[in-house]
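# Tertiary structure, described
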Amino acid sequence: MTPVSVCEVVIRNAVDDALTALHGPNWPWDHGFYLSLPQLGRDALVKARTKPSSTSTGKVIAELSFGFWENMFRASFDAALWTPHLQRVLPNLTMPVYQGRGHVHNELIKLRKLRNRIAHHEPLLKLNVLQTMNTLKALIALRCQDTADWMAQTNDLTALLAARPR
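These numbers come from a predicted model, not from an experiment.

Definitions and cut-offs
Residues numbered from 1 in each chain as written. Predicted model: local features only at pLDDT ≥ 70, side-chain atom pairs only at ≥ 80, totals over all residues. Heavy atoms only, no water. Helix = DSSP H or I, 4+ residues; strand = E, 2+ residues; numbered from the N terminus. Expected span 1.5 Å × (residues − 1). Buried < 20%, exposed > 50% of the residue type's maximum accessible area, 1.4 Å probe, protein only. Arc of directions from axis to C-beta. Phe/Tyr/Trp six-rings, centres within 6.5 Å; stacked < 30°, edge-to-face > 60°. Lys NZ or Arg CZ within 6 Å of the ring centre and 35° of its normal. Salt bridge = Lys/Arg side-chain N within 4 Å of Asp/Glu carboxyl O. Lys, Arg positive; Asp, Glu negative; His and termini not counted. Contact = heavy atoms within 4.5 Å.

### With respect to helix H6 (residues 78-89)
In a regular helix each residue adds 1.5 Å, so 12 residues correspond to 16 Å; H6 covers only 14 Å between its end C-alpha atoms and thus falls short of that length. Along H6, the positions that sit buried rather than exposed are Asp 78, Leu 81, Trp 82, His 85, Leu 86 and Val 89. Buried residues of H6 fall within an arc of 150 degrees about the axis and therefore sit on the same side. Of the exposed residues in H6, the ones pointing more than 90 degrees away from its buried face are Ala 79 and Thr 83.

Set out below in structure tokens:
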């Protein structure tokens, strides 16, 4: 779960950077941002920002779900958010903005489903774990190669896979 969590933090930080550039540092309270969200996103944002502990943007970010961050990569945000900011917040993305944003969105959908399976203790026996780790590392590397390398070096998954019975 740790590599998935690292990826989630990296992606939400990238989205935060883009939203800050577009709506300012208090973007969770920006009415224009609120209106740009679909209803589920609006509901999630209101719930996150009205918690007693949500006194800053950072606290709201921590309260928002992985699904919220995944949905920020929908095509509806291309013109205002991703066309001007995607290459800056994910500097190692080599695809054109539309294609790259779509690629990230599709990978995040798969990652959210995997995260939910792990969280609900569902079996992962048929999962290609090495491929999943490579996907996680690639997503993280879109923002920062050093962080991707650190995640790959500090998790114990590779050693566990090598030691598993065949």
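### A word on the packing of aromatic side chains
Taken as a whole, this structure holds four aromatic pairs when the rule is applied. Here a set of aromatic residues connected by ring pairs shows up, and it is made of Trp 27, Phe 33, Phe 68 and Trp 69. The ring of Tyr 34 is capped by Arg 42, whose NZ or CZ atom sits 5.2 Å from the centre of that ring.

### Things to note about the pattern of salt bridges
All chains considered together, the criterion is met by six salt bridges. Across the pair Arg 112 and Glu 70 runs a salt bridge whose closest N-O atoms are separated by 2.3 Å. Remark: Glu 70 occurs in helix H5 (residues 66-71) and Arg 112 occurs in helix H7 (residues 97-119); sequence separation between them is 42 residues. By relative accessible area, Arg 112 is classed as partly exposed at 23%. We classify Glu 70 as buried; its relative accessible area is 4%. In this structure, Asp 78 and Arg 101 form a salt bridge, with 2.7 Å as the shortest nitrogen-oxygen distance. Highlighted residues: Asp 78 in helix H6 and Arg 101 in helix H7, separated in sequence by 23 residues. In this pair, the class of Asp 78 matches that of Arg 101, namely buried.

### Observations regarding the side chain of Arg 12
As for its position among the elements, Arg 12 is in helix H1 (residues 2-23). For the buried Arg 12, no salt bridge is present, and the opposite-charge side chain at shortest range is Glu 8, 4.6 Å distant. In contact with Arg 12, other than residues within four places in its own chain, are Ile 61, Ala 62 and Trp 69.

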